[in-house]
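Geometric and topological summary
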2 protein chains.
Amino acid sequence: MDLQEKLNQKGLRMTRPRRVVLSILEAASVPLSAGTIYQKALERKERIGLVTVYRTLELLDEFGMVRRAHSQDECHGYLLASPGHHHNLVCHTCMKTVEFPGSEDLSGIVQRVQRQTGYQVNDHLLELYGLCPSCQES
Amino acid sequence: MDLQEKLNQKGLRMTRPRRVVLSILEAASVPLSAGTIYQKALERKERIGLVTVYRTLELLDEFGMVRRAHSQDECHGYLLASPGHHHNLVCHTCMKTVEFPGSEDLSGIVQRVQRQTGYQVNDHLLELYGLCPSCQES
DNA sequence: ATCCTTATTGAAAATATTTATCAATAAGAT
DNA sequence: ATCTTATTGATAAATATTTTCAATAAGGAT
Ligand SMILES: [Mn+2]
Ligand SMILES: [Mn+2]
Ligand SMILES: [Zn+2]
Ligand SMILES: [Zn+2]
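Chains are numbered independently. Their residues run from 1 in the order of the written sequence. Labels follow written order: the first chain is A, the first ligand is 1, and so on. The predicted nature of this model means local features are confined to residues of pLDDT at least 70 and side-chain atom pairs, given and counted, to a pLDDT of 80 or more, with totals for whole chains, interfaces and linings taken over all residues. Note: side-chain values were computed over all heavy atoms of the structure, leaving out hydrogens and water.

Regarding its fold elements, chain A presents 6 helices and 5 strands. Expressed along its principal axes, the backbone C-alpha trace of chain A runs to roughly 55 × 45 × 25 Å. Only protein chains enter the accessibility calculation, which uses a 1.4 Å probe; a residue is then buried when its area is under 20% of its type maximum, exposed when over 50%, and partly exposed in between. The burial tally for chain A puts 42% of its 138 residues in the buried class. Whether two residues are in contact is decided by their heavy atoms: any pair within 4.5 Å suffices. Pairs at least 24 residues apart make up 48% of the contacts formed inside chain A by residues separated by at least 6 positions. Residue exposure ignores everything except the shown protein chains as possible cover, and the areas themselves are Shrake-Rupley values with a 1.4 Å probe. For chain A, the exposed area adds up to about 7,500 Å²; of that, 48% sits on carbon and sulfur atoms. By the counting scheme adopted, Arg and Lys are positive, Glu and Asp are negative, and His together with the chain ends is not counted. By convention, charge coordinates are those of NZ in Lys, CZ in Arg, CG in Asp, or CD in Glu. Averaging the positions of the 16 positive and the 16 negative side-chain charges in chain A gives two centres separated by 7 Å. By the criteria applied, helices consist of DSSP H or I runs no shorter than four residues and strands consist of E runs no shorter than two, each listed in order from the N terminus.

Excluding glycine, a negative phi dihedral is what most residues carry, and trans is how most peptide bonds are arranged. All names here are of chain A. The backbone phi angle of Lys45 is positive, close to 65 degrees, even though this residue is not glycine. Structurally, the position occupied by Lys45 is in the loop between α3 (34-43) and α4 (50-62). Since its relative accessible area comes to 74%, Lys45 is described here as exposed.

Before going further, it helps to examine the pairing of strand β4 (residues 97-101) of chain B. Residue and element names in this part refer to chain B. Examined bridge by bridge, strand β3 (residues 86-91) and β4 share 5 bridges and lie antiparallel to one another. Within β4, the residue paired with Leu89 across the bridge is Val98. The antiparallel pairing of β3 with β4 creates a hairpin that spans 5 residues between the two strands, and Met95 there sits at a positive phi of about 75 degrees. Two strands qualify as a pair provided that DSSP identifies no fewer than 2 bridges between them.

All names here are of chain A. Any carboxyl oxygen of Asp or Glu that lies within 4 Å of a side-chain nitrogen of Lys or Arg is treated as forming a salt bridge with it. This structure, assessed with the given rule, holds 4 salt bridges over all chains. Residues Arg16 and Glu46 are paired through a salt bridge, measuring 2.7 Å at the closest nitrogen-oxygen approach. In this pair, Arg16 sits in helix α2 (residues 16-27) while Glu46 sits in the loop between α3 and α4, placing the two residues 30 residues apart along the sequence.

So, about the interface of chain A and chain B. Listed by partner, the interface residues are 39 residues for chain A and 39 residues for chain B. Both faces considered, chain A and chain B share a buried interface measuring about 3,300 Å² in area, 64% of it formed by carbon and sulfur atoms. Where chain A meets chain B, there are 0 salt bridges. Under this definition, polar contacts are N or O atom pairs within 3.5 Å; protein pairs additionally need one hydrogen-donor-capable and one acceptor-capable atom, and for neighbouring residues in sequence, both atoms have to be side-chain atoms. The interface formed by chain A and chain B holds 14 residue pairs in polar contact (both at pLDDT 80 or more) in total. Those elements giving two or more residues to the side of chain A that touches chain B turn out to be β3 (86-91), β4 (97-101), α5 (107-117), β5 (120-131) and α6 (133-137) of chain A. At 12 residues, the largest contribution of residues to the side of chain A that touches chain B is made by β5 of chain A. In this classification, the charged set is Asp, Glu, Lys and Arg, the nonpolar set is Ala, Val, Leu, Ile, Met, Phe, Trp, Tyr, Cys and Pro, and all remaining amino acids, among them Gly, are polar. Within the side of chain A that touches chain B, the residues separate by chemical class into 19 nonpolar, 14 polar and 6 charged. Taken together, the 11 bridges between β5 of chain A and strand β5 (residues 120-131) of chain B define a ladder with antiparallel strand orientation. Each residue of the ladder has a partner; that of Gln120 of chain A, found in β5 of chain B, is Leu131 of chain B. Accessible surface is computed with a 1.4 Å probe, and the buried area is the amount of it that two parts give up when combined, taken over both parts together.

The full set close to DNA strand D counts 18 residues, and Thr15, Arg18 and Arg55 of chain A together with Met14 and Tyr54 of chain B are the nearest of them. In this structure, a phosphate oxygen belonging to DNA strand D sits 2.9 Å away from a main-chain N or O atom of Arg47 of chain A. Put simply, the parts of the chain that give the surface near DNA strand D at least two residues each are α2 and α4 of chain A together with α4 (50-62) of chain B. In terms of residue class, the surface near DNA strand D is built from 8 nonpolar, 5 polar and 5 charged. Nearness is judged by heavy atoms alone; a residue qualifies as near a molecule or strand once a single heavy atom is within 4 Å of it.

Residues and elements named next belong to chain A. With respect to the helices, strands and loops of the structure, His87 is situated in strand β3. Judged by its relative accessible area of 4%, His87 falls in the buried class. A polar contact is formed between the side chain of His87 and the side chain of His85, at a distance of 3.0 Å. Not counting the four nearest positions on each side in its chain, His87 is found in contact with Val98, Glu99, Phe100, Gly102, Glu104, His124 and Leu126.

As a further point, take the protein's contact with DNA strand C. Not every one of the 18 residues close to DNA strand C is listed here, only the nearest: Met14 and Tyr54 of chain A together with Thr15, Arg18 and Arg55 of chain B. Sugar plus phosphate, as a fraction of atoms of DNA strand C within 4 Å of the protein: 67%. Arg13 of chain A is positioned with one of its side-chain polar atoms (N or O) 2.9 Å from a base nitrogen of DNA strand C. Looking at the surface near DNA strand C, the elements that each hand over two or more residues are α4 of chain A together with α2 (16-27) and α4 of chain B. A breakdown of the residues in the surface near DNA strand C according to their chemical character gives 8 nonpolar, 5 polar and 5 charged.

Given below as structure tokens:
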């Protein structure tokens, strides 16, 4: 289900600014902050407000169409997210990011930690870091 | 090795502000932001600058004595970190956080992801969320 | 204890980031 | 083409973080 449909469902409207933000995210391979997206929009000579970028990101987040990247420094990068449970793999050097399906089995860890802490675990954040193919050469 | 020693090693000095920040972190069971630490210092009637809190956190971070909590909203909470590889388990409701040793085996996932993406994985961020014992009752 | 060197502090200002307001605009249904 | 109202973006306000720099204090030397 694409943005248009999700908007319709809620009586919301497809607008040019929203299309621009989405398009920029689609073209990106690294996590983008609101500010960066705004920059790129300006470069494209698009008339858009920074506030709208924030609002659109919030919207896309609600729709689950976007995911935040929590690298140590830049905490506020957004990436387009495929539907379903995924995680990010970020290149330390160039930030190029790919997602991988979250089919990993954490039940072992979860079991153990629950027993040891008394907590009831129901969610997790997993992010991998490394070197992308092209950065491995240099 | 405690803060005093690590400071000595680098020709740095143990100061009262640094002691205060450390002490506040030691007393906390939830991730604290620079601002919050500053607040608590004021409550303790300690003379300290917010800038110094930022600087001290940066320092503690370099020393690996502190870990950042990346909850969805509050991206900049700091927690005192035990030496060695650990992760955080955060309570959704009250934020109470415990750490658990990172002895989990991610090699399965890592292997698979490396093969599928061509990336070379060498680090990860794992955080668990759930309900702490006391929040389970309510 | 006193002196000296220099790491450290914090007030103040500069930047950067995020949120709130609100009149003007434009989506999209009729 | 008209109408309703969701949406935008300029502006301002609120937060958060970083930079600057003269005054202070840690801690080694005497
Ligand atoms: Mn997962
Ligand atoms: Mn681990
Ligand atoms: Zn790379
Ligand atoms: Zn709790």
